[in-house]
Amino acid sequence: MIHKDDQNTLRARFRGFYPVVIDVETAGLNANTDALLEIAVVTLKMDEYGWLCVDDSINFHIKSFPGAIIQPESLAFNRIDLNSPCRSAVTEQEALREIFEMVHQGIEIQECSRAIIVAHNASFDHSFLMAAIERVSFMKNNPFHPFVTFDTATLSGLVFGQTVLAKACAHAGVFFDKKKAHSALYDTERTAMLFCELVNKWKRLGGWPLTPCSSDF
C-alpha cells in the first residue's frame, strides 16, 4: 500500500518505473541492419503536488555502425546530411554510456527500480535502442525494461482521438512546429510535453491518486 506522503512521486505513479522519453532518427526501418543516426532522451520529474513535468535532456548524432545499411529514402524523409560538418557524430557506445549514466542517476534520485521508455510509436524507438545496446554489449548495464513501454500514440488515440504526434500535440495544447519535425531532440521534447499533459489531464479528471478500494490486489 502506498503511503499518503508517497503519492506525488514517480515511483508511486508508475509502479516503481522511471519514465524516460526517447526518439530516434534512423537510416531505415530495420533495427538490426539499418543505421541509428540520432537519439535524444528527456527525463521527467514530479513536483510536490503530483504534476509531471520535463526535467533534463541529452541528444547525440550517431556514427553508423560497421556494415550498417543507409536507405536514401530515409535520409530524404528525416533530412539528415551525413556529410554535414555540424553533425559532430559519436559512436553508439559513447552515446549510450552517457545516456545510461544520466538514466541510472535519475533512477537513484527518484528511488525507482528501472527505467521505462516513453515514445511515440514506442515499439520502433525501443527496437532501435535495444539493437544498439546489444551491438555494444551494454546489456548488463541496461537500465531500460526489455519490453514494456509507454506509447504516446496509443495514449493519445485514447485521450484525444489522434495518433499523429503533431495532431496529438495540438489537441494537448503543445505547440508543434512541423518544420522542426524529425529532429530527434525536437520530437523528444514535444513527446515529453505530450506525455506530461496526458498524465496530468488524467489527474485533473480525478483519475489519480486512486480511490482506495475495499480489498487489496
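Up top is the structure these notes are about.
Given the structure is predicted, the values throughout are model-derived calculations rather than measurements.

J.: Just checking my understanding: could you explain the sheet that holds strand β1 (residues 17–26) for this structure?
T.: In a beta sheet, neighbouring strands pair by backbone hydrogen bonds and run either parallel or antiparallel. Strand order in the open sheet formed by five strands is β3-β2-β1-β4-β5, and the pairing between neighbours is mixed. Each edge of the open sheet carries a strand with a single partner, namely β3 (52–61) and β5 (144–151). Ignoring strand direction, the axes of neighbouring strands in this sheet form an average angle of 30°. In the sheet, strand β4 (residues 114–119) pairs with β5 via four bridges, with the strands oriented parallel. If you follow A115 over to β5, its bridge partner there is F144. Against the sheet, helix α5 (residues 152–159) makes contact with β4 and β5, and its axis sits at roughly 30° relative to β5, the strand it touches most.

J.: Would you explain the environment of L29 in this entry?
T.: Considering the arrangement of structural elements, one finds L29 in the loop between β1 and β2 (36–46). The spatial distance from the C-alpha of L29 to the C-alpha of S127 is 9.8 Å, given a sequence separation of 98 residues. Not counting residues within four places of it along the chain, the set of residues in contact with L29 comprises D34, F124 and F128.

J.: Which parts of the structure should I look at to understand unusual backbone geometry?
T.: The general pattern is negative phi for most residues beyond glycine and trans for most peptide bonds. With an omega dihedral of 0°, the bond running from W208 to P209 counts as a cis peptide bond. Note that P209 resides in the segment after α7 (184–204). Unusually for a residue other than glycine, E111 sits at a positive phi of about 55°. Position of E111 relative to the elements: it lies in the loop between α3 (92–109) and β4. The exposure class assigned to E111 is exposed, which follows from its relative accessible area of 53%. Phi is positive for S137, which is not a glycine, with a value near 60°. Residue S137 is classed as exposed on the basis of its relative accessible area of 62%.

J.: I tried to follow the environment of M139 on my own but got confused; where do I start?
T.: Note on placement: M139 falls in the loop between α4 (122–135) and β5. Distance from M139 to L158, taken between C-alpha atoms, is 33 Å for residues 19 residues apart in sequence.

J.: Quick question: what am I supposed to make of empty space enclosed by the protein here?
T.: Unoccupied space between atoms shows up once a probe the size of one water molecule is rolled over them. Counted according to the given criterion, the structure contains one cavity of 30 Å³ or more. Here the largest cavity defines a volume of roughly 30 Å³. Along its surface, the largest cavity is lined by L36, I39, I62, E92, A95, L96, I99, L129 and A132. Of all the elements in the fold, those that place two or more residues in the lining of the largest cavity are β2, α3 and α4.

J.: What am I meant to see in the pattern of salt bridges here?
T.: On inspection of all chains with the given rule, the structure shows three salt bridges. Among the ionic pairs, E111 bridges to R11, the shortest N-O distance being 3.0 Å. Here E111, found in the loop between α3 and β4, pairs with R11, found in helix α1 (residues 10–13); they are 100 residues apart in sequence, far enough to count as distant. E197 serves as the salt-bridge partner of R204, at 2.4 Å between the closest nitrogen and oxygen. Using a relative accessible area of 18% as the deciding quantity, one classes E197 as buried.

J.: Looking at this structure, I do not really get α7. What am I missing?
T.: Think of an α-helix as 3.6 residues a turn; residues three or four steps apart then line up on the same face. The end-to-end C-alpha distance of α7 is 30 Å, a good match for the 30 Å that 21 residues give at a rise of 1.5 Å each. Two residues or fewer past α7, G206 is found with a positive phi of approximately 95°.

J.: I keep staring at the layout of surface pockets and nothing clicks. Help me out?
T.: There is about 510 Å³ of room inside the largest pocket. Looking at the largest pocket, it is lined by 26 residues, and the ones nearest its centre are D23, E25, F77, H182 and D187. Mapped onto the lining of the largest pocket, the elements with two or more residues apiece are β1, α2 (72–78), α4, α6 (165–172) and α7. Tallied by class, residues from the lining of the largest pocket come to 10 nonpolar, 10 polar and six charged.

Rules behind the numbers
Per chain, residues are indexed from 1 in the order of the written sequence. For this predicted model, a pLDDT threshold of at least 70 governs which residues receive local features, and a threshold of 80 or more governs which side-chain atom pairs are given and counted, while totals over whole chains, interfaces and linings are taken from all residues. Side-chain calculation: all heavy atoms of the structure are included, whereas hydrogens and water are not. A pair of strands is considered paired only if DSSP assigns at least 2 bridges between the two. Numbering of helices and strands runs from the N terminus; a helix is a DSSP stretch of H or I covering at least four residues, while a strand is a stretch of E covering at least two. All axes are obtained by fitting lines to C-alpha atoms, using only the stretch in contact for helices, and the reported angles, taken between N-to-C directions, cover 0 to 180 degrees. We call two residues contacting when some pair of their heavy atoms lies within 4.5 Å. Each residue is assigned to one of three classes by its accessible area relative to the maximum for its type, calculated with a 1.4 Å probe on protein chains only: buried under 20%, partly exposed between the two thresholds, exposed over 50%. For each structure, a 1 Å grid was placed over the protein atoms alone; sets of points admitting a 1.4 Å probe that cannot get out are labelled cavities, open sets with protein on both sides within 12 Å along at least five of seven lines are labelled pockets, and lining residues have an atom within 4 Å of a point. Grid points are joined across faces, edges and corners, and a volume is the space filled by probe spheres set on the points. Basic side-chain nitrogens of Lys or Arg form a salt bridge, by our definition, when they fall within 4 Å of a carboxyl oxygen of Asp or Glu. Expected span of a helix, by definition, is 1.5 Å for each gap between consecutive residues, and there is one gap fewer than residues. Residue classes follow a fixed rule: Ala, Val, Leu, Ile, Met, Phe, Trp, Tyr, Cys and Pro count as nonpolar, while Asp, Glu, Lys and Arg count as charged, and any other residue, Gly among them, counts as polar.

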